[in-house]
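If you want the building blocks of each chain, they are given just below.
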Amino acid sequence: MNKVITIEEAVSHIKDGMTIMVGGFLACGTPHKLIDALVEKGVKDLTLICNDSGFPELGVGKLVVNKQIKKLIASHVGTNPETGRQMNTGEMEVDLVPQGTLAERVRAGGSGLGGILTPTGVGTVIEEGKQKIEIDGKTYLLELPIRADVALIFGNTVDKYGNISYYGSTRNFNPLMAAAADLVIVEADKIVEVGEIDQNHVVTPGLFVNYIVDGGDK
Amino acid sequence: MDKNQIKEFIAKRVAKELKDGDVVNLGIGLPTLVANYVPEGTNVFFQSENGFVGLGPAPKEGQEDPYIVNAGGQPASIIPGGMFFDSATSFGIIRGGHVDFTVLGALQVDGEGNLANWMIPGKMVPGMGGAMDLVVGAKKVIVAMEHTVKGNHKILKKCNLPLTAAGEVDMIITEMGVIEVTDKGLVLKEINPEFTIEDVKNATEAELIIAEDLVKMEI
């Protein structure tokens, strides 16, 4: 079983119209080389699930600038003016989701849950069209799980089975998205042999990971 | 006071609310300044919603680590004893009531403790990021802002912009005073001696109850 493939092979799995999840928070912990390859490939009409829409020249923002995104599901788009522009002209649909709700929806999608109940958004526009459930006198919104065709995630140190160890604040959505897509590709800063990562330091279990690409050094 | 002095004054007063051992989340802008005025002998842990507790001072130029950034995406540092985690844990900490207080700016806040700070329809739609979760989940929510904007009221009878959260604000700290949100409405607890009660009332659209034990706002 060889999971290590080229970046070219990796993006060949991503086709027009697919839903993709991309890890990272304002381009930290983002699989940059996979995004560059997607920009080069030019796949379009993608639905993108990501914490934010990055910056025009950094992170998933490049996909927005290149007009490859049909629909964006994110918590924050303020750092990429092109997202706002496409949202206002109607070129791209944008679904804004509170960050904690987005994290839990992805987690639910990856862990077999039918949804989560959160107090976040009660009494705001976020509650529109959602079922409200009262538990012990407190009102919660039912938020549904979310999954993708492909998750593109990042890992600092990845062994050849796909076990991931993170460094710094790169972790963010990566471990959650690793479980919530039909196909999971991790871009590794460093690929090591199985056994080189102490089992106690594995954060994302390799069993979630289908393919590994070499992202080289930062 | 000029703009910067006002911001510094507000941040210093907010910092007096910090207690030893508190876990605190600071919003972007003015609230970030609060970290500069932590009282001596008080150890607080700053939470960064992108995934760590123990946010330290901004690194010196040339010492930035691209893999350690704050929730604004800017280079950051982590203190000994700090810890990194994923976004679900981060917001579990926030929603689960494990953050003692959060400090945020506001476009509008009202007499019922409603807060609007995430969008102006048709004009500015940056997204809520983590603000909705923070305001709902933190034990105490402090709004730190200038009392008015270009002479217009920000403390209203009723917010008319889309809300970030309903009825969650506990305290409003401005350059004019300290206001507590209570069941009876907004209570002015402290006043900056540079202003009269009349000044504060005029700058506030919402009904303002003057505390019987009103004291001078000190930093």
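These numbers come from a predicted model, not from an experiment. The numbers attached to residues start from 1 for each chain and follow its sequence in the written order. Each chain is given a letter, starting from A, and each ligand a number, starting from 1, according to the order in which they appear as written. pLDDT decides what is reported in this predicted model: residues at 70 or higher carry local features, side-chain atom pairs at 80 or more are listed and counted, and totals for whole chains, interfaces and linings draw on all residues regardless. The side-chain values count all of the structure's non-hydrogen atoms but skip hydrogen atoms and water molecules.

1. Re the overall build of chain B
Let me state the cut-off plainly: Helix and strand definitions follow DSSP, with helices as H or I runs of at least four residues and strands as E runs of at least two, each counted in order from the N terminus. It is over C-alpha atoms that the radius of gyration is taken, and the globule rule equals 2.2 Å times the number of residues to the power 0.38. Accessible area is worked out with a 1.4 Å probe on protein chains only. A residue is then buried under 20% of its type maximum, exposed over 50%, and partly exposed in between. By definition, residues are in contact when any of their heavy atoms lie within 4.5 Å. For accessible areas, the Shrake-Rupley method is used with a probe of radius 1.4 Å. Any residue's cover is judged against the shown protein chains and nothing else. Under the counting rule used here, the positive set is Lys and Arg, the negative set is Asp and Glu, and His together with the chain ends is not counted. Lys charges are placed at NZ, Arg charges at CZ, Asp charges at CG and Glu charges at CD.
The helix and strand tally for chain B stands at four helices and 15 strands. Compactness check: chain B gives a C-alpha radius of gyration of 17 Å against a globular reference of 17 Å for 219 residues, within 12% of the reference. Referenced to the eigenvectors of the C-alpha coordinate spread, the extents of chain B come out at roughly 50 × 40 × 30 Å. The buried share of chain B, reckoned over its 219 residues, is 54%. When contacts within chain B are restricted to residue pairs at least 6 apart in sequence, long-range pairs at least 24 apart make up 63% of them. Accessible surface computed for chain B: about 9800 Å², of which carbon and sulfur atoms make up 50%. Of note, chain B has its 19 positive side-chain charges centred 3 Å away from the centre of its 30 negative side-chain charges.

2. Here we look at the overall build of chain A
Scanning chain A from terminus to terminus reveals six helices and 11 strands. Taking 2.2 N^0.38 as the reference for a compact globule, 218 residues should give roughly 17 Å; the C-alpha atoms of chain A span a radius of gyration of 17 Å, in line with that estimate. The C-alpha extent of chain A, read off along each of the three principal axes, is 50 × 40 × 30 Å. Sorting the 218 residues of chain A into buried and exposed places 56% on the buried side. Taking the intrachain contacts of chain A between residues at least 6 apart in sequence as the baseline, contacts between residues at least 24 apart amount to 70%.

3. Things to note about the environment of A:Ala180
Residues and elements named next belong to chain A. Mapped onto the secondary structure, Ala180 falls in the loop between helix 6 (174–177) and strand 10 (181–192). In this structure the C-alpha to C-alpha distance between Ala180 and Ser111, which are 69 residues apart in sequence, comes to 7.6 Å. When neighbours within four sequence positions are excluded, Ala180 is seen to be in contact with Met21, Val106, Gly109, Gly110, Ile146, Arg147 and Ala148.

4. Remarks on helix 2 (residues 32–41) of chain A
All names here are of chain A. Let me state the cut-off plainly: The directions from the helix axis to the C-beta atoms are what the arc is built from.
Every buried residue belonging to helix 2 is among Leu34, Ile35, Ala37 and Leu38, and all of these are buried. All buried residues of helix 2 project into a common sector of 160° when viewed along the axis, lining one side. For helix 2, the elements touching its buried residues are helix 1 (7–11), strand 1 (19–22), helix 3 (61–65), strand 8 (148–159), strand 10 and strand 11 (211–214). Where helix 2 terminates, the next one or two residues include Gly42, which has phi positive at roughly 80°.

5. Some details on the packing of aromatic side chains
Heads up, the condition is: Pairing of aromatic side chains requires ring centres within 6.5 Å, counting the rings of Phe and Tyr and the six-membered ring of Trp. Pairs whose planes differ by under 30 degrees are stacked, by over 60 edge-to-face, and all others tilted. Over a ring means this: the NZ of a Lys or the CZ of an Arg is within 6 Å of the ring centre and within 35 degrees of the ring normal.
One pass over the structure, following the stated rule, counts three aromatic pairs over all chains. Summarising the aromatic geometry, the rings of A:Tyr167 and B:Tyr67 are spaced 6.4 Å apart at their centres and angled 65° between planes, so their arrangement reads as edge-to-face. Pair noted here: A:Tyr167 is in the loop between strand 9 (164–165) and helix 6 and B:Tyr67 is in the loop between strand 3 (52–56) and strand 4 (77–84), and the two residues belong to different chains. Under the relative-accessibility criterion, A:Tyr167 is labelled partly exposed at 38%. In this structure B:Tyr67 comes out as buried when scored by relative accessible area, which is 10%. By way of ring pairs, the aromatic residues A:Phe154, A:Tyr167 and B:Tyr67 are connected into one cluster. One Lys or Arg, A:Lys3, reaches over the ring of A:Tyr161 and ends 4.2 Å from the middle of that ring.

6. What about the side chain of B:Asp133?
Of note, B:Asp133 is situated in helix 3 (residues 131–137). When sequence neighbours within four positions are dropped, the list of residues in contact with B:Asp133 reads A:Pro98, A:Gln99, A:Gly100, A:Thr101, A:Thr120, B:Phe91, B:Ile94 and B:Arg95.

7. Digging into the pattern of salt bridges
Heads up, the condition is: Throughout this description, the term salt bridge denotes a Lys or Arg side-chain nitrogen within 4 Å of a carboxyl oxygen of Asp or Glu.
The tally for this structure, following the rule as stated, stands at 19 salt bridges over all chains. Between A:Lys62 and A:Asp36 there is a salt bridge, with the nearest N and O atoms lying 2.6 Å from each other. One end of the pair, A:Lys62, is in helix 3; the other, A:Asp36, is in helix 2, and 26 residues separate them in sequence. Relative accessible area serves as the criterion here: at 24%, A:Lys62 is assigned to the partly exposed category. A salt bridge links B:Glu112 to B:Lys158, with the nearest nitrogen and oxygen atoms 3.0 Å apart. Placement of B:Glu112 in the loop between strand 6 (108–110) and strand 7 (115–116) and of B:Lys158 in the loop between strand 11 (155–156) and strand 12 (171–173) is noted, with a sequence separation of 46 residues between them. Via salt bridges that share partners, A:Lys67, A:Glu82, A:Arg85 and A:Glu91 belong to a single interconnected network.

8. A word on the interface of chain B and chain A
For clarity, the threshold we go by: Throughout, buried area stands for the accessible area (probe radius 1.4 Å) lost by two parts on being put together, summed over both. In protein, a polar contact means a hydrogen-donor-capable atom and an acceptor-capable atom, both N or O and within 3.5 Å, with residues adjacent in sequence counting only if both atoms are side-chain atoms; elsewhere, any N or O pair within 3.5 Å suffices. For this classification, Asp, Glu, Lys and Arg are treated as charged, while Ala, Val, Leu, Ile, Met, Phe, Trp, Tyr, Cys and Pro are nonpolar and the rest, including Gly, are polar.
Each partner contributes to the interface: chain B provides 33 residues, whereas chain A provides 39 residues. Taking both sides of the interface into account, the surface hidden between chain B and chain A amounts to around 2800 Å²; carbon and sulfur atoms contribute 65%. Taken together, chain B and chain A are joined by zero salt bridges. Counting across the interface, chain B meets chain A through 13 residue pairs in polar contact (both at pLDDT 80 or more). At the level of elements, helix 2 (87–95) and helix 3 of chain B are the ones that each hand at least two residues to the side of chain B that touches chain A. Ranked by residue count, the leading element in the side of chain B that touches chain A is helix 2 of chain B, at four residues. Residue composition of the side of chain B that touches chain A, grouped by class: 19 nonpolar, nine polar and five charged.

9. Thoughts on the pairing of strand 10 of chain A
Residues and elements named next belong to chain A. Operational definition: When DSSP locates at least two bridges between a pair of strands, those strands are taken to pair.
Taken across its 12 residues, strand 10 has nine buried, putting it largely inside the fold. Of the strand pairs in this sheet, strand 8 and strand 10 are connected by 10 bridges, and their pairing is parallel. Bridging from a neighbouring strand, Ala151 pairs with Val184 of strand 10. Both strand 10 and strand 11 contribute to a ladder of four bridges, which runs parallel.

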